[in-house]
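One letter stands for each residue in the lines below.
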Amino acid sequence: MAKKLVIKVTAGSDAPERCSQAFTVAAVAAASGVEVSLWLTGESSWFALPGRAAEFELPHAAPLPDLLDSILAAGRITLCTQCAARRDITEKDVLDGVRIAGAQVFVQESMADGTQALVY
């Protein structure tokens, strides 16, 4: 079994089921003791901002703010550098604990021994 799980979520409110699946898998893995690194890219970038997860709704899904909090508590959340720049999001704008990093860091994390990468 992989010791680390790197998840890139590309969807936000534009594809709510895919978005929710990524956050759910990340939260369940983190709760199970797996080291988790969740990457916010594309439309999911907005969830790096305070209050944005509370605006997300999907029937029969765990509330996104709860999932986000559990991932932040037990894992790492990274906002894509280019995605942040395209949306005028800076480090001072994001939730505490969210970092901004680029593709080279994603590749480095994904290629590490004992790591499984998933993209939603």
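Shown above is the structure to which this text applies.
Conventions used here
The residue count restarts for each chain, going from 1 along the sequence in the order it is written. A pLDDT threshold of at least 70 governs which residues receive local features in this predicted model, and a stricter bar of 80 or more applies before side-chain atom pairs are shown or counted, although totals over entire chains, interfaces and linings include all residues. Only hydrogens and water are set aside when side-chain values are computed; all heavy atoms of the structure are taken into account. By convention in these notes, a salt bridge is any Lys or Arg side-chain nitrogen within 4 Å of a carboxyl oxygen on Asp or Glu. Secondary structure elements are taken from DSSP: a helix is a run of H or I of four residues or more, a strand is a run of E of two residues or more, and numbering for both begins at the N terminus. Here's how the labels work: a residue is buried when its accessible area is under 20% of the maximum for its type, exposed when over 50%, partly exposed in between, all with a 1.4 Å probe on protein chains only. Between N or O atoms, a polar contact is any pair within 3.5 Å; within protein, one atom must be a potential hydrogen donor and the other a potential acceptor, and residues adjacent in sequence are included only when both atoms are from side chains. All axes here are fitted lines through C-alpha atoms, helices being fitted over the stretch that makes contact, and every angle between N-to-C directions spans 0 to 180 degrees. Geometric relationships in this document are graded by angle, where less than 35 degrees denotes roughly parallel, more than 145 denotes roughly antiparallel, 65 to 115 denotes roughly perpendicular, and other angles denote oblique. Two helices that cross are described as forming a left-handed crossing if the nearer one is turned anticlockwise from the farther one by less than a right angle, and a right-handed crossing if clockwise. Note on contacts: a residue pair qualifies if any of its non-hydrogen atoms lie within 4.5 Å across the two residues. Here the term charged refers only to Asp, Glu, Lys and Arg, the term nonpolar to Ala, Val, Leu, Ile, Met, Phe, Trp, Tyr, Cys and Pro, and the term polar to all other amino acids, Gly among them.

Chemist: Break down the pattern of salt bridges for me, with residues and values.
Modeler: In the structure shown here, the tally under the stated rule is six salt bridges. As a salt-bridge pair, Arg 99 and Glu 109 come within 2.3 Å of each other at their nearest N and O atoms. Here Glu 109 lies in helix H4 (residues 103-111) and Arg 99 lies in strand S4 (residues 98-101), a separation of ten residues in the sequence. One continuous salt-bridge network, built from bridges that share partners, spans Lys 4, Glu 35, Arg 99 and Glu 109.

Chemist: Quick rundown of the side chain of Ser 37? Include the residues and the values.
Modeler: With respect to the secondary-structure elements, Ser 37 resides in strand S2 (residues 35-40). By relative accessible area, Ser 37 is classed as buried at 1%. There is a polar contact of 3.2 Å between the side chain of Ser 37 and the side chain of Trp 39.

Chemist: Run through the packing of helix H1 (residues 16-31) against helix H2 (residues 64-74), naming residues and quoting values.
Modeler: For the pair H1 and H2, interaxial distance at closest approach is 9 Å and the crossing angle is 40°. Comparing their axes, H2 and H1 come out oblique. Note on packing geometry: the crossing formed by H1 with H2 is left-handed. Each of Phe 23, Thr 24, Ala 26, Ala 27 and Ala 30 in H1 lies in contact with H2, whose residues at this interface are Leu 64, Leu 67, Leu 68, Ser 70, Ile 71 and Ala 74. Taken together, the residues that form the contact of H1 with H2 break down as nine nonpolar, two polar and no charged.

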